[in-house]
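The primary structure of each chain is shown beneath.
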Amino acid sequence: MALTSSVKEEHPFNHLIDTLKDGDRKYFNPQKLNDARYNKLPLSIRVLLEAAIRKCDGFYVKEEDVHNILDWSEQQNVAEVPFPPARVLLQDFTGIPAMVDLAAMRDAVTKHGVDPGLVNPVCPTDLIVDHSLQIDLNKCAIQNAPNPGGGDSQSQGPPSRPSPARPTPRRGSQCGGERGSCSKGGCSDTPGRPATAVQQIENTPLLCPFHLQPVSEPETALKNQELELIRNKERLQFFKWCSKAFKNVNVVAPDVGAVHQLNLEYLSRVVQESQGFIYPDSVVGTDSHTTMINGLGILGWGVGGIESEAVMLGQPISLTLPQVVGCRLVGSVNILATSIDIVLGITKHLRQAGIAGKFVEFFGPGVSQLSVPDRTTIANMCPEYNATVSFFPVDHVTLKHFKQTNFTEEKLELLEAYLKAVKLFRNYEDSSEDPQYSEVIEINLSSMVPHVSGPKRPQDRVAVSSMKEDFQSCLNEKVGFKGFHISKEKQESLVPFLHGGQEYELAHGSVVIAAVISCTNNCNPSVMLTAGLLAKKAVEAGLIVKPYIRTSLAPGSGMVTHYLNTSGVLPYLSQLGFEVIGYGCATCVGNTAPLPETVSEAIKEGDLVACGVLSGNRHFEGRLCDCVRANYLASPPLVVAYAIAGTVSINFEKEPLGVTSEGKEVYLRDVWPTREEVQQIEQDKVISSIFTELRARREKGNTFWDNLECPESVVFPWDPKSTYIRSPSFFNKLCKEVQPPQSIENAHALLFLGDKVTTDHISPAGSIARVSAAARYLLSKRLTPREFNSYGARRGNDAVMTRGTFASIKLQNRFIGKPGPKTVHIPSGQTLDVFEAVERYQRDGVPLIILAGKQYGSGNSRDWAAKGPYLLGVRAVIAESFEKMHKNHLVGMGIAPLQFLPGQSADSLELCGKEKFTITLPEDLSPKQILTVKTSSGKTFSVTTLFDSEMDVAFYRHGGLLRYVARTML
């Protein structure tokens, strides 16, 4: 719905229109309601209220909705209200299926005689191509690295795949060709570097630390980015078609930066302006990091691709008016604690508080001590404690931050004047401004001490001082959320191996992956600078990182590279192996090349619990690499520290970080930078010129992208030979009439799952295993394994994604009894790949359900975790509980989320899972309705339909949200 339609004469809230002092800019002023309740509303709820007032049209948003939000204190957790955000944010992994669906919707409406050009996003949409980068090469393996994702490091590839010219390899990179031996080569006049390479992959200029002249980008980054462009050409052509064919779509080209980083640095407005009206910026995005934006005082959270498509097409997000937990921060930050320690400390407090599905809003005097990067880092982790948002209202610290960015003085004056006019501006020191909250949690910042998180889940925090003892207990414990159950006699195993002609040893706890990546931390200069200063002091002290450890530095954007450069620490990070490998999500989404073969063999030979350490916020077991069982989240400086130590089984207080070639012991305390050092570097180097330069780079564009050809048609010309882009079958047999709900009769359970089944288990995002159903499909299309790419990159192909559903090697199916993508075809009793079993069930016309335990669908927002089961023929999921976002996705795809009654489970009901299940659905289906399930064994039990609203029921009746939206256009 366009803004113009919401401000017509008959708009019910025209009387609230006000103007700022300049008289040119109008806005809806909720204060003109003259209702005392407004001043007591949490500021995040005030944003919801303003949006409802402005977008009130009597259809999607009604006057009743406005009054319910204003009456939040009574209506919280009761009323269902709409929220029309100001914009939508997509990244390419989840953005491509959304755009493919819209392209397919154009096909569907065309068949019914509707103009396909009418299918356009109504809500402004930004799509950032940032999730395609893979770490094929890193500094220690640039000459001989394996290339699992496709492309040949020695050739241009098939003639049919034109690719950008390759730069001639330099004899030495910026810090030399060998780790630990920095050279003075690599300045801008380095011979042999073609100009075309610089034009095709635009990156922030680096400065030679010796000559202070611009130098070419590190060889690893160039090669990784070049391979990214080659292997993803089809997808990039589709994205470029989207940018031309659809109105209201802005596509940001590859190699610019990560989606959440760009959202913070470039796309955020705080106050939007359109057609003479100003209003609060707000956003929903298809990336779990969308919540970072709340640190800027911009309301936003992550949704699935299914919901984002609805918002793009003009429908508001429907949500139960949330409870808002006030998080009061007091005390002073410990000088040794990084923002990561604060993040994990607050995460632990809030997870224990049980705030799932609630808003969190920060207040209290402690908030003023946190920089904006600190706040965005904290806000980023709110999915880990299951809150919807973690909101930091704008204050003087926020305004000071904006003065260092691209905000003009005029924009800052407008922003401050408007926010104060509608009371969305905070003075955290003034308790009289504190709103009313559902409940208040107080956290003392002085209690925060350095922690890491792992070895399998982000909520399992371990104090760094207790790391050695905790890892030992993990070896002893039975296999579970923390344990590995290694026998006592094998816990001291040492396995020798050769790497680069030198012998090394691996043991339990040895670090083999150390990644500073583009999640959580890179928006916060202080932690990255701490890592860089630590690296500098370590190199100066004579410490090194063993060359077999797969180290990498994937900054969130060129800004990070820039300030690490200008502060003089990047050469030291590079010398320890942390060289920039490119810009985009890499290690944390499974895009890591295999470990050196000798390392993998040593791990397998000793059945070792090898470790990965990364500065992200996702590290489920097996996600980084199949043979790396223990993975820890840590701050960037601790990633560097553990890489130098080579093990997580270390007590930094009592044991040296390393020993120099002269035999001198160096402790962590000897090289850890002080808070004053970091703050001084941050103040001197992270300045407004960085933002200005980066914005100019983004606007300049990318030569490869600019020269990329794409179709000019209104309807996308699907290529039947394409293995990346395929028209999905969601709109097959679409008719105008809605059929009544069909009961599910004599269904078999496709899978019998336990607790905490994640979206990674349901729909993996990493590499495609060579023995999987998806691999067999790609092989049938004459692709070689090196051309498989990843599931994430192929989300635009429903044939690949359907075959990849439940293809995780870590899937625990109780029918099988061991991890793997297998199930039992119940009629025959045969053990088959999940997709093979589905093919048999579909051939016989057998409907399918899934049985599960607690927290089904936890983890990342991933729309294919619902789309995949839908295309497999799954009609319902019966579980003890669901992760809310995934439950919404199931509804959005027309799959019924059914919950066992409290205290009941498959085990308590003595279900073996091999029964036939019949679920009768009434024609007058309603939210939270109790249904009866009958089994072929004679058992009968009840379940609750987890439809939260009549809108959910409507989506389900239509066969999912996509078909609902298409029907509204017919």
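Since the model is a prediction, treat every value here as computed from it, not as a measurement.

### Details of the overall build of the chain
Helices and strands together make up the secondary structure of the chain, namely 31 helices and 36 strands. Each of the 970 residues in the chain was classed as buried or not, and the buried ones make up 63%. Pairs at least 24 residues apart make up 75% of the contacts formed inside the chain by residues separated by at least 6 positions. Carbon and sulfur atoms make up 49% of the accessible area of the chain, which totals about 34,900 Å².

### Examining the side chain of Thr 647
Of note, Thr 647 is situated in the loop between helix H19 (636-645) and strand E26 (658-659). Here Thr 647 falls in the buried class, since its relative accessible area comes to 18%. From its side chain, Thr 647 meets the backbone oxygen of Gly 509 in a polar contact 3.2 Å long.

### Comments concerning helix H18 (residues 597-605)
Residues Val 599, Ser 600, Ala 602 and Ile 603 constitute the buried set of H18. Looking down the long axis of H18, one finds its buried residues gathered within 160 degrees of arc, a one-sided arrangement. Those residues of H18 that are exposed and angled more than 90 degrees off the buried face are Glu 597, Lys 604 and Glu 605. Those residues of H18 that are buried lie in contact with strand E20 (494-499), strand E21 (502-507) and strand E22 (511-516).

### Here we look at the pattern of salt bridges
This model, assessed by the stated rule, comprises 32 salt bridges. Between Lys 468 and Glu 655 there is a salt bridge, and its shortest N-O distance comes to 3.0 Å. Note that Lys 468 is positioned in helix H14 (residues 467-476) and Glu 655 in the loop between H19 and E26, a separation of 187 residues in sequence. For Lys 468, a relative accessible area of 30% puts it in the partly exposed group. Measuring nitrogen to oxygen at the nearest pair gives 2.6 Å for the salt bridge that ties Asp 907 to Arg 814. Residue Asp 907 is found in the loop between strand E33 (896-900) and strand E34 (917-919), and its partner Arg 814 is found in the loop between helix H26 (798-804) and strand E29 (822-825); the two are separated by 93 residues along the sequence. The class for Arg 814 is partly exposed, based on a relative accessible area of 43%.

### Details of the sheet that holds strand E5 (residues 125-128)
Here we have five strands laid out as an open sheet, ordered E8-E5-E4-E11-E12, and parallel in their pairing. Taken across any chain shown, the strands that pair with only one partner, and hence form the sheet edges, are strand E8 (249-252) and strand E12 (299-302). For this sheet, the mean inter-axis angle between neighbouring strands, taken without regard to orientation, is 20 degrees. As judged from the three bridges shared by strand E4 (residues 87-91) and strand E11 (residues 282-285), these two strands associate in the parallel manner. Following the sheet pairing, Leu 89 is matched in E11 by Gly 285. Sheet contacts for helix H9 (residues 305-312): E4, E5 and E11; angle to E4, the most-contacted strand, approximately 140 degrees.

### Re the packing of helix H11 (residues 372-380) against helix H12 (residues 396-403)
Where H11 contacts H12, the axes come no closer than 9 Å and their chain directions differ by 110 degrees. Our classification of the angle between H11 and H12 gives roughly perpendicular. The segment H11 lies against H12, with Val 372, Pro 373 and Arg 375 engaging Val 397, Thr 398 and His 401. Its residues placed into classes, the contact of H11 with H12 shows three nonpolar, two polar and one charged.

### What to know about the sheet that holds strand E16 (residues 389-391)
Across the sheet, which stays open at both edges, the four strands sit in the order E16-E15-E14-E17 with parallel pairing between neighbours. What marks the edges here is a single partner per strand, and that holds for E16 and strand E17 (439-444). If you compare each strand with its neighbour and ignore which way they point, the axes differ by 25 degrees on average. In this structure, strand E14 (residues 324-330) lies alongside strand E15 (residues 359-363), joined through five bridges in parallel fashion. Looking across to E15, one finds that Gly 326 is bridged to Glu 361. Set on the sheet, helix H1 (residues 43-54) makes contact with E14, E15 and E16; between it and E15 the angle comes to about 125 degrees.

### Thoughts on the pairing of strand E23 (residues 550-553)
Taking every second residue as pointing to the same face, both faces of E23 are buried, with Arg 550 and Ser 552 on one and Thr 551 and Leu 553 on the other. The pairing of E22 with E23 spans four bridges and is parallel. Paired with Ala 514 across the bridge in E23 is Thr 551.

### Focus: the packing of aromatic side chains
For the coordinates displayed, the defined rule picks out 25 aromatic pairs. Judged by centre distance (4.9 Å) and plane angle (50 degrees), the ring pair of Tyr 642 and Phe 652 falls under tilted. Of this pair, Tyr 642 sits in helix H19 while Phe 652 sits in the loop between H19 and E26, and the two are 10 residues apart along the sequence. Like Tyr 642, the residue Phe 652 is buried in the burial classification. Seen from their ring centres, Phe 730 and Trp 864 are 6.1 Å apart, and the 45 degrees between their planes marks the pair as tilted. Highlighted residues: Phe 730 in the loop between helix H23 (703-707) and strand E28 (744-752) and Trp 864 in helix H28 (residues 864-872), separated in sequence by 134 residues.

### Thoughts on the nonpolar core
Nonpolar side chains in soluble globular proteins tend to be buried together. Of all hydrophobic cores here, the largest spans 219 residues; its most connected members are Met 99, Phe 238, Trp 301, Phe 806 and Tyr 856. Among the elements that take part in this core, helix H4 (residues 92-111) stands out by supplying 10 residues, more than any other. With residues near it in sequence (within four places) discarded, Tyr 856 still touches Leu 753, Val 757, Ile 762, Phe 806, Ile 850, Val 877, Ala 879, Ser 881, Phe 882, Glu 883, His 886 and Leu 890. Counting 76 residues, the second largest nonpolar core, distinct from the first, contains Val 452, Leu 533, Leu 595 and Ala 630.

### Regarding the packing of H4 against helix H31 (residues 961-969)
At their nearest, the axes of H4 and H31 sit 11 Å apart, and the two run at 40 degrees to each other. With respect to their mutual orientation, H4 and H31 come out oblique. You can see that H4 and H31 cross each other, and the crossing is right-handed. Of the residues in H31, those in contact with Asp 101, Met 105 and Val 109 of H4 are Leu 962, Val 965, Ala 966 and Met 969. Of the residues belonging to the contact of H4 with H31, the class tally is six nonpolar, no polar and one charged.

### Side note on the environment of Gly 354
Along the chain, Gly 354 falls in the loop between helix H10 (339-353) and E15. In this structure, the C-alpha to C-alpha distance between Gly 354 and Asn 386, residues 32 residues apart in sequence, is 8.4 Å.

### Concerning the side chain of Arg 862
Within the secondary structure layout, Arg 862 lies in the loop between strand E31 (848-851) and H28. For Arg 862, a relative accessible area of 4% corresponds to the buried category. A distance of 2.8 Å separates a polar atom in the side chain of Arg 862 from the backbone oxygen of Ser 763.

### Topic: helix H27 (residues 834-843)
Three or more residues of H27 are buried, namely Val 834, Phe 835, Ala 837, Val 838 and Tyr 841. Projection of H27 onto a plane perpendicular to its axis shows the buried side chains occupying an angular sector of 155 degrees, all on one side. Of the residues trailing H27, Gly 845 is marked for its positive phi of about 70 degrees.

### Digging into the confidence of the model for the chain
Mean pLDDT for the chain: 83, with 84% of residues reaching 70 or above. Confidence over residues 139-217 falls short of pLDDT 50; this stretch has 176 contacts with residues more than four positions distant or in other chains.

### A word on unusual backbone geometry
For the bond from Gly 454 to Pro 455, the omega torsion is 10 degrees, close enough to zero to count as cis. Here Pro 455 lies in the loop between strand E18 (451-453) and strand E19 (461-463). Not every positive phi belongs to a glycine, and Asn 248 is a case in point at roughly 70 degrees. Tracing the backbone shows Asn 248 in the loop between helix H7 (233-245) and E8. Its relative accessible area of 38% is what places Asn 248 among the partly exposed residues. Positive phi, normally seen in glycine, also occurs at Arg 782, with a value near 70 degrees. Summarising the element assignment, Arg 782 is placed in the loop between helix H25 (773-780) and H26. Residue classification places Arg 782 among the exposed residues on the basis of a relative accessible area of 80%.

What counts and what doesn't
- Residues numbered from 1 in each chain as written.
- Predicted model: local features only at pLDDT ≥ 70, side-chain atom pairs only at ≥ 80, totals over all residues.
- Heavy atoms only, no water.
- Helix = DSSP H or I, 4+ residues; strand = E, 2+ residues; numbered from the N terminus.
- Buried < 20%, exposed > 50% of the residue type's maximum accessible area, 1.4 Å probe, protein only.
- Contact = heavy atoms within 4.5 Å.
- Areas by Shrake-Rupley, 256 points an atom, 1.4 Å probe, with all protein chains shown as cover.
- Polar contact = N/O pair within 3.5 Å; in protein donor to acceptor, adjacent residues only side chain to side chain.
- Arc of directions from axis to C-beta.
- Salt bridge = Lys/Arg side-chain N within 4 Å of Asp/Glu carboxyl O.
- Pairing = 2+ DSSP bridges.
- Axes fitted to C-alpha atoms, helices over the stretch in contact; angles between N-to-C directions.
- Parallel < 35°, antiparallel > 145°, perpendicular 65-115°, else oblique.
- Nonpolar A, V, L, I, M, F, W, Y, C, P; charged D, E, K, R; others polar.
- Phe/Tyr/Trp six-rings, centres within 6.5 Å; stacked < 30°, edge-to-face > 60°.
- Core = buried A, V, L, I, M, F, W, Y, C linked by side-chain atoms within 4.5 Å.
- Left-handed = near helix turned anticlockwise from the far one by under 90°.
- pLDDT = per-residue confidence, 0-100.

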